[in-house]
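Listed below are the residues making up each chain.
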Amino acid sequence: MKKIIKKIKAKIRGTIDLERLIKDGLSVGDNFHAQEGVIIDPGHCWLIEIGNNVTLAPRVHILAHDASTKNILGYTKISNVKIGNNVFVGAGTIILPGVTIEDNVIIGAGSVVTKDCKEGVYAGNPCTLVCSYQEYVNKQSKRLDMLPRYNEDFIIGNITEEKKKMMKQEIFANKGGFIV
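From a predicted model like this one, the values you see are computed outputs, not experimental measurements.

**Student:** Can you tell me about the overall build of the protein chain, naming the residues and giving the values?
**Tutor:** When helices and strands are tallied, the protein chain shows 5 helices and 18 strands. The dimensions of the protein chain, computed from C-alpha atoms along their principal axes, are 60 × 45 × 30 Å. The 180 residues of the protein chain split such that 29% are buried. Restricting the contact set of the protein chain to residue pairs at least 6 apart, pairs at least 24 apart contribute 28%. For the protein chain, the accessible area works out to roughly 11,600 Å², and carbon and sulfur atoms hold 55% of it. Distance from the positive charge centre (24 side chains) to the negative charge centre (19 side chains) of the protein chain: 6 Å.

**Student:** Tell me about the nonpolar core, and please be specific about residues and values.
**Tutor:** Judged by nonpolar contacts, the single largest core of 27 residues is most densely connected at Ile40, Ile50, Leu56, Ile62, Ile83, Ile95 and Ile101. Only β4 (48-50), β5 (54-56), β9 (81-83), β10 (87-89) and β13 (105-107) provide two or more residues apiece to this core. Not counting the four nearest positions on each side in its chain, isoleucine 50 is found in contact with Leu26, Ser27, Val28, Gly29, Phe32, Ile40, Ile62 and Ile83.

**Student:** Which residues make up the sheet that holds strand β1 (residues 27-28), and what values go with them?
**Tutor:** What links the strands of a sheet is backbone hydrogen bonding, and the strands pair in either a parallel or an antiparallel sense. Here we have 4 strands laid out as an open sheet, ordered β1-β4-β9-β12, and parallel in their pairing. Every interior strand has two partners, whereas the edge strands, β1 and β12 (100-101), have only one. The sheet contact formed by β4 and β9 spans 3 bridges and is parallel. Bridge assignment links isoleucine 48 to a residue of β9, and that residue is valine 81.

**Student:** Which residues make up the sheet that holds strand β15 (residues 120-123), and what values go with them?
**Tutor:** Read across the sheet, 6 strands follow the order β2-β5-β10-β13-β15-β16 without closing on themselves; strand pairing throughout is mixed. For this open sheet the edge positions go to β2 (32-34) and β16 (128-131), each flanked by a neighbour on one side alone. The average angle at which neighbouring strand axes cross in this sheet is 15 degrees, direction not considered. Relative to β5, β2 runs parallel, the two sharing 3 bridges. Bridging across to β5, histidine 33 finds its partner in threonine 55.

**Student:** Break down helix α5 (residues 161-174) for me, citing the residues and quoting the values.
**Tutor:** An ideal rise of 1.5 Å per residue puts 20 Å on 14 residues; α5 measures up with 20 Å between its terminal C-alpha atoms. For α5, the buried fraction is low: 1 of the 14 residues fall into the buried class. Following α5 by one or two positions, lysine 175 adopts a phi angle in the positive range, close to 55 degrees.

Conventions used here
Residues numbered from 1 in each chain as written. Predicted model: local features only at pLDDT ≥ 70, side-chain atom pairs only at ≥ 80, totals over all residues. Heavy atoms only, no water. Helix = DSSP H or I, 4+ residues; strand = E, 2+ residues; numbered from the N terminus. Buried < 20%, exposed > 50% of the residue type's maximum accessible area, 1.4 Å probe, protein only. Contact = heavy atoms within 4.5 Å. Areas by Shrake-Rupley, 256 points an atom, 1.4 Å probe, with all protein chains shown as cover. Lys, Arg positive; Asp, Glu negative; His and termini not counted. Charge placed at Lys NZ, Arg CZ, Asp CG, Glu CD. Core = buried A, V, L, I, M, F, W, Y, C linked by side-chain atoms within 4.5 Å. Pairing = 2+ DSSP bridges. Axes fitted to C-alpha atoms, helices over the stretch in contact; angles between N-to-C directions. Expected span 1.5 Å × (residues − 1).

As structure tokens, then:
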């Protein structure tokens, strides 16, 4: 009964049934995180491989099929999707069939990934290379040294109204910050 209630809550919250997808053939590595509203093509999940240390932000869609040919040809196009290790996919991104995202890739929010992505940072529609992975790491490391940092006390469930006010002022004044 607890398992059924858990599945119903997950459906209402918009979380994927990862256990079911894996049972149906989805390949997922260690340290995989899929946030709310992620859709991993349930009808063709065995064509999708996801590596280690991968995060899919809210509302990411991974498709292994394209039904644009169904009415015309009577068949739907299908292809594999491979996501390597150390990959972050931003909110609202769509990954189309036939795409390989290699290791050490960051995809910006709202992107449409239509072609393979080698190591680097990508964004846009269609998704294009913005900079190398190392350039991004170096830039954000410098920003980390200059901007305010916040610990677990500044996360919903822990944060006080006073800390919210302080954080808001600091973030506005510095045009950003970092949180654990």
